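Descriptive structure summary
If you want the building blocks of each chain, they are given just below.
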Amino acid sequence: KKWELRLEALNENRQEAKRLLDKAERVRKARDEVTAILKEDPNFKIKEYLQEVMGQLGIFQNVVSENVVVTGQDENYSETVATYQISGITMRQLAEFLNEIDENQRVFTKELDITKSKRSPRAIDVSIIIATLMPKETA
């Protein structure tokens, strides 16, 4: 009985080690993908990119406030976070904006808050936080 219990414990430990190795492999692959994306455009600037997209969609003039902050993420990457308050846009404009952001692998939406506009009927006010990763050397 004692040996059976030890074998069970040993098998559980082996399975846990396999799970950890599999997870480490997935993390390594994800890190390699991120590094490859970052190397494609090492001079990427999130503020300029978002201003260009908003200008193309005709919502740049609706921006009430913007703020771009660089935060420490880990030893290899820093995260650049852009916060925008956009007032008086339509749901269609927002959907097109989110679609443009979604198509770019370099940026991702962290937070989105939509409220009915108090100034314009049939319009919405949006608070959005968009982020990108940058290599630590260039941040």
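Quick look at the structure, then. Remember, it's a predicted structure, so these values are computed and weren't measured experimentally.

A closer look at the packing of helix H2 (residues 46–57) against helix H3 (residues 91–103)
Running from N to C, H2 and H3 cross one another at 140°; their axes reach a closest spacing of 10 Å. Viewed along their axes, H2 and H3 adopt a mutual orientation that is oblique. For the crossing formed where H2 meets H3, the hand is right-handed. Where H2 abuts H3, its residues Tyr-49, Leu-50, Val-53, Met-54 and Leu-57 lie against Gln-93, Glu-96, Phe-97, Glu-100 and Ile-101. In terms of residue class, the contact of H2 with H3 is built from seven nonpolar, one polar and two charged.

Focus on H2
Here H2 spans 17 Å end to end across twelve residues, near enough to the 16 Å set by a 1.5 Å rise per residue. Listed as buried for H2 are Ile-46, Tyr-49, Leu-50, Val-53 and Met-54. Down the axis of H2, the smallest arc covering the buried residues is 125°, so these residues share one side. Of the residues flanking the end of H2, it is Gly-58, one or two places downstream, whose phi is positive at about 75°.

Description of the pattern of salt bridges
Inspection of the entire model under this criterion finds six salt bridges. The partner of Arg-28 in a salt bridge is Glu-25, with the nearest N and O atoms 2.5 Å apart. Linking Arg-28 with Glu-25, this pair stays in helix H1 (residues 2–40), spanning three residues, or about one helical turn. The exposure class of Arg-28 is partly exposed, given its relative accessible area of 41%. Between Asp-32 and Arg-28 there is a salt bridge whose closest N-O contact spans 2.7 Å. Pair noted here: Asp-32 and Arg-28 are both in helix H1, with a separation of four residues, about one helical turn. Within this structure, Glu-25, Arg-28 and Asp-32 form a network of salt bridges that share partners.

Some thoughts on the packing of aromatic side chains
How two aromatic rings sit relative to each other is given by the distance of their centres and the angle of their planes. One pass over the full model with this rule turns up one aromatic pair. A centroid spacing of 5.7 Å and a plane angle of 45° characterise the contact between Phe-44 and Tyr-49, whose relative ring orientation is tilted. Per residue, the accessibility class of Phe-44 equals that of Tyr-49, and both read buried. If you follow Lys-2 out to its NZ or CZ, it ends over the ring of Trp-3, 5.5 Å from the centre.

Cut-offs applied
- Residues numbered from 1 in each chain as written.
- Predicted model: local features only at pLDDT ≥ 70, side-chain atom pairs only at ≥ 80, totals over all residues.
- Heavy atoms only, no water.
- Axes fitted to C-alpha atoms, helices over the stretch in contact; angles between N-to-C directions.
- Helix = DSSP H or I, 4+ residues; strand = E, 2+ residues; numbered from the N terminus.
- Parallel < 35°, antiparallel > 145°, perpendicular 65-115°, else oblique.
- Left-handed = near helix turned anticlockwise from the far one by under 90°.
- Contact = heavy atoms within 4.5 Å.
- Nonpolar A, V, L, I, M, F, W, Y, C, P; charged D, E, K, R; others polar.
- Expected span 1.5 Å × (residues − 1).
- Buried < 20%, exposed > 50% of the residue type's maximum accessible area, 1.4 Å probe, protein only.
- Arc of directions from axis to C-beta.
- Salt bridge = Lys/Arg side-chain N within 4 Å of Asp/Glu carboxyl O.
- Phe/Tyr/Trp six-rings, centres within 6.5 Å; stacked < 30°, edge-to-face > 60°.
- Lys NZ or Arg CZ within 6 Å of the ring centre and 35° of its normal.

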